[in-house]
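What follows is each chain in one-letter form.
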Amino acid sequence: MTTARAAGAADPLASVDALIEGLGGVGYIASRRIATALYMAVNLQKPILVEGSAGVGKTELALSTSALLGLPLIRMQCYEGLDESKALYEWKYGKQLLYTQILKDRMGEALADAPDMDAAMVRLHGMGDLFFSEPFLEPRPLMKALREDDGCVLLIDEVDKSDEAFEAFLLEVLSAYQVSVPELGVIKAKTPPLVFLTSNNVRDLGDALKRRCLHLHIPLPEASLEERIVATRVPGIEAGLTKELVAFVQTLRTLDLRKPPSISETVDWARALILLHADSLSPDMVRDTLNVILKFEQDIEAIEPQISELMHRR
């Protein structure tokens, strides 16, 4: 896979350690497990299915890899009802309609010298084929990714929100890096894209899709890793405050909450505390900013009476 990295720059794909260092340089603190899965995905040219709860850094991994390798990012957001026309291509119907009107106006002139009906039909057939040719094609994310001559990062985000029929459609793309367009034939990638599929486990994905992918589950991080992430994503934060807020978040995750805070909420909380000029945690500061890390009122109501006690558990 060719990349657009600057000449003379160290190759981040040389080893797993180089990947860890390279991702760190673009602001993504990767565990060895994450970097190993990415290293294998790149070198084996296999898609990588990244699973885990919302906010653990699945999408960010694809964005950071794109930045690290200097490759364009093409993102396809999945949703219920997503179909081939929205993911692969559709025809420019407005342009076809305009050209149809032009053809209609000139049809008599074009067919005037046809010797017989068969010859006229052949000419009409040829004109019709023009409407389903390259100039009338509107490529969507999957086709755009296959047409990037120097490769790209293709992010198929929240694939578990799509239907099973769309999941089945993806199999050709992920196994052969090609798609079949009836009017144009097979379109095959010159350079296979590096494909990330993310899933929040809304539904179970099929075995056929999983077989085509390397699997990576990103768990919520342990305290030391989370402290490094906060320090990287929130420059200038004091080490003591980082330890305090991460310890409190880690404690919250041991409780029976509707939605425990994820890494993204920890980072948001750190930024909020910096905004409020906090240099340490206090019960009042936690109470005032609890809505940053807890997203459901029932969780906030359950935690508020316990704030002082939870802070002393650290």
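This one's a predicted model, so the numbers in the text were calculated from it and none came from an experiment. (Residues numbered from 1 in each chain as written. Predicted model: local features only at pLDDT ≥ 70, side-chain atom pairs only at ≥ 80, totals over all residues. Heavy atoms only, no water.)

What follows concerns the overall build of the chain. Of regular secondary structure, the chain possesses 15 helices and nine strands. By the burial criterion, 45% of the 314 residues in the chain qualify as buried. Across the chain, every contact between residues at least 6 apart in sequence was considered, and the portion connecting residues at least 24 apart equals 75%. Only carbon and sulfur atoms are counted for the fraction: they give 53% of the accessible area of the chain, which is about 15900 Å². (Helix = DSSP H or I, 4+ residues; strand = E, 2+ residues; numbered from the N terminus. Buried < 20%, exposed > 50% of the residue type's maximum accessible area, 1.4 Å probe, protein only. Contact = heavy atoms within 4.5 Å. Areas by Shrake-Rupley, 256 points an atom, 1.4 Å probe, with all protein chains shown as cover.)

Okay, the pairing of strand β8 (residues 194-199) next. Counting buried residues in β8 gives six out of six residues, a clear majority hidden from the surface. A two-sided burial pattern is seen for β8, the buried positions comprising L194, F196 and T198 on one face and V195, L197 and S199 on the other. Where strand β1 (residues 48-51) and β8 come together, four bridges link them in parallel fashion. Looking at the pairing, V50 lines up with T198 of β8. For strand β5 (residues 153-157) and β8, the ladder comprises four bridges, and the chain directions are parallel. Counterpart to V153 in the pairing with β8 is L194. (Pairing = 2+ DSSP bridges.)

With a phi close to 55°, E158 is a non-glycine residue in the positive phi region. Mapped onto the elements of the fold, E158 is located in the loop between β5 and α8 (164-176). The class of E158 is buried, set by a relative accessible area of 18%. For Y177, which is not a glycine, the phi torsion comes out positive at approximately 50°.

All right, on to helix α1 (residues 16-25) then. Where α1 is concerned, the buried positions are V16, A18, L19, G22 and L23. Buried residues in α1, looked at end-on, bunch into an arc of 150°, giving them a common side. α1 presents E21 and G25 as exposed residues on the side facing more than 90 degrees away from its buried surface. The secondary structure elements touched by the buried residues of α1 are α2 (32-44) and α3 (58-69). G27 occupies a position one or two residues after α1 and carries a positive phi of about 90°. (Arc of directions from axis to C-beta.)

This part is about the packing of aromatic side chains. For the coordinates displayed, the defined rule picks out two aromatic pairs. On the basis of an interplanar angle of 40° and a centroid distance of 5.7 Å, the ring pair of F166 and F169 is categorised as tilted. You can see F166 and its partner F169 sitting in helix α8, three residues apart, about one turn around the helix. Of the two residues examined, F166 and F169, each falls in the buried class. Considering the side-chain rings of F248 and W269, the 5.8 Å spacing of their centres and the 50° angle between planes classify their relative orientation as tilted. One end of the pair, F248, is in helix α11 (residues 239-252); the other, W269, is in helix α12 (residues 263-275), with 21 residues separating them in the sequence. Each member of the pair, F248 as well as W269, carries the same accessibility label: buried. (Phe/Tyr/Trp six-rings, centres within 6.5 Å; stacked < 30°, edge-to-face > 60°.)

Looking now at the nonpolar core. Among soluble globular proteins, nonpolar side chains are generally buried collectively. Counting 59 residues, the largest nonpolar core has L61, F196, L245, F248, W269, L281 and L290 as the members making the most contacts within it. If sequence neighbours within four positions are ignored, F196 has contacts with L38, I48, V50, L61, A62, T65, V153, L154, L155 and I156. Within the second largest apolar cluster, 31 residues are counted, among which are L49, C78, M143 and C152. (Core = buried A, V, L, I, M, F, W, Y, C linked by side-chain atoms within 4.5 Å.)

A rise of 1.5 Å per residue sets the reference length of α12, with its 13 residues, at 18 Å; its end C-alpha atoms lie 18 Å apart and thus fit the reference within 8%. Within α12, burial applies to I263, E265, T266, V267, W269, A270, A272 and L273. Among the structural elements, α10 (223-233), α11 and α13 (283-293) are those in contact with the buried residues of α12. Trailing α12 by a residue or two, H277 shows a phi angle of about 60°, which is positive. (Expected span 1.5 Å × (residues − 1).)

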